[in-house]
Structures are given as structure tokens and as C-alpha cells.
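Descriptive structure summary
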Amino acid sequence: MEIIYVLIPIAMIFVAIAIMVFFWAVKSEQFDDLDRQSVSILFDENVDKPGHTPVTPLATQLDDNATQQAIKDQQKGMPL
């Protein structure tokens, strides 16, 4: 039963720390723009850089060749 005399003040300290961290986050504008970071991953940063030339990945080229071959095979009547 004596342990409660220790646990209650420790719990109160944890709650006070959590409240202080929450108010610090609000004060430092952590919650002002929640959408920018979630959308920023969708855009490529290298597109507008001078001297940047986009390179077609080899996997895309191979996929295009495989797709063209599958279309030719299907036109010949061969199953996919």
C-alpha cells in the first residue's frame, strides 16, 4: 500500500511533462501545416534543377519491350 505514495507523484510528474511537451509543440507551430509534409513526398525535387536530364529506367524499357511482344503474340493468336 505504501507504493501508492510513490506511484501517484511519479504519475503526476509524467502527466505534467506530457502537458508541457504538448503546449511546447503548439507554441512552436508544430501543428500549423499538417498537409504539406504528407504531400511533399509525391513531388520530385530534381525536375527543376538546371542541367538535370531525366533518364528512362531500364526496367521501364524492358516493360515496354515485353508489352510490345505480348501484343504481337496476342495478335498471332498465342495465349498470354
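Residues numbered from 1 in each chain as written. Predicted model: local features only at pLDDT ≥ 70, side-chain atom pairs only at ≥ 80, totals over all residues. Heavy atoms only, no water.

Describing the overall build of the protein
Regarding its fold elements, the protein presents 3 helices and 0 strands. Burial analysis of the protein (80 residues in total) assigns 2% to the buried set. Accessible area of the protein: about 7,900 Å², with a carbon and sulfur share of 65%. (Helix = DSSP H or I, 4+ residues; strand = E, 2+ residues; numbered from the N terminus. Buried < 20%, exposed > 50% of the residue type's maximum accessible area, 1.4 Å probe, protein only. Areas by Shrake-Rupley, 256 points an atom, 1.4 Å probe, with all protein chains shown as cover.)

Remarks on the confidence of the model for the protein
Averaged over all residues, the pLDDT of the protein is 77; the fraction at 70 or higher stands at 66%. Per-element confidence in the protein ranges from a low mean pLDDT of 69 for helix α3 (residues 58-75) to a high of 95 for helix α1 (residues 4-27). (pLDDT = per-residue confidence, 0-100.)

A short note on α1
In this model α1 runs 34 Å from its N-terminal to its C-terminal C-alpha over 24 residues, within 8% of the 34 Å that 1.5 Å per residue would give. Positive phi shows up at E29, right after α1, with a value of about 60 degrees. (Expected span 1.5 Å × (residues − 1).)

Section: the packing of aromatic side chains
Counted according to the given criterion, the structure contains 1 aromatic pair. Summarising the aromatic geometry, the rings of F22 and F23 are spaced 5.6 Å apart at their centres and angled 70 degrees between planes, so their arrangement reads as edge-to-face. For F23, a relative accessible area of 52% puts it in the exposed group. (Phe/Tyr/Trp six-rings, centres within 6.5 Å; stacked < 30°, edge-to-face > 60°.)

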